[in-house]
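Spelled out from the first residue to the last, the chains are:
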Amino acid sequence: MAASNNYWEDLRKQARQLENELDLKLVSFSKLCTSYSSSSPDQSDSLGSSHDNLLVAMTTELDQLLANLTAVNNKMAEYTSTPGVSSHNAGLMHTLQRHRDILQDYTHEFHKIKSNFYSLREREDLLGSVHRDIESYKSSSGVNNRRTELFLKEHEHLRNSDRLIDNAISIAMATKENITFQRGMLKSIQTRVTTLANRFPAINSLIQKINLRKRRDSIILGP
């Protein structure tokens, strides 16, 4: 039984370690994708290639981490079905579901960042193509009059405004996702505390005494 418990704890340790790595990698991946939009449209090919290579490497690494965490979750699910652990099944299933929820959140976040990045890059490439066509036209025709200059300035102004709007939307979406994630974490903690209180009457009684003491102290200290 001790060996069985150690196996379960080892799996939980692996899951937590992978979750921590994913959390850090997703933050770095999001920053890297965002930096693409702030890069100069005239950046050198070598710089763009280096940026793309780094994106590919991080995408591959995140895919592998998610696959590893999925494998650990599957092992945890198999353990809960092992004969001889039925007496602890409720607690194990609760822990397993928590890790599954975290995996689902990280998987969703990863795909969302990738999707936003590909959409952004497609738009940046289109705008860059227009910019290059204009420069090419100027170079080949020798046009350098006032109308062309005004057009180019207006084009650059629209491009910068588009970037500012994208950044504002990205910040708002990231803030919303963070608040939603924290709300889910707090709800999970509250559920666990309630579950423990219901399963262990002594803890429930202690919580009630603490609440009673707090109310009594507030009445004594009140004006």
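Residues numbered from 1 in each chain as written. Predicted model: local features only at pLDDT ≥ 70, side-chain atom pairs only at ≥ 80, totals over all residues. Heavy atoms only, no water.

What follows covers the overall build of the protein. When its secondary structure is counted, the protein shows 5 helices and 0 strands. Counting from the amino terminus, helix and strand elements in the protein follow one another as α-α-α-α-α. Across the 223 residues that make up the protein, the buried fraction comes to 26%. Counted over contacts in the protein with a minimum sequence separation of 6, partners at least 24 positions apart contribute 77%. Accessible surface, the protein as shown: approximately 15400 Å² in total, 57% of it carbon and sulfur. (Helix = DSSP H or I, 4+ residues; strand = E, 2+ residues; numbered from the N terminus. Buried < 20%, exposed > 50% of the residue type's maximum accessible area, 1.4 Å probe, protein only. Contact = heavy atoms within 4.5 Å. Areas by Shrake-Rupley, 256 points an atom, 1.4 Å probe, with all protein chains shown as cover.)

If you walk through the whole model with that rule in mind, you get 4 aromatic pairs. Summarising the aromatic geometry, the rings of tyrosine 7 and tyrosine 79 are spaced 6.0 Å apart at their centres and angled 50° between planes, so their arrangement reads as tilted. Separated by 72 residues along the polypeptide, tyrosine 7 in helix 1 (residues 2-37) and tyrosine 79 in helix 2 (residues 45-80) bring together distant segments of the chain. You can call tyrosine 79 buried: its relative accessible area is 6%. (Phe/Tyr/Trp six-rings, centres within 6.5 Å; stacked < 30°, edge-to-face > 60°.)

This brings us to the pattern of salt bridges. By the definition in use, this model includes 2 salt bridges. Between glutamate 61 and lysine 25 there is a salt bridge, with its nearest N and O atoms 3.1 Å apart. With glutamate 61 in helix 2 and lysine 25 in helix 1, the pair connects residues that are 36 residues apart, well separated along the chain. The class of glutamate 61 is partly exposed, set by a relative accessible area of 34%. (Salt bridge = Lys/Arg side-chain N within 4 Å of Asp/Glu carboxyl O.)

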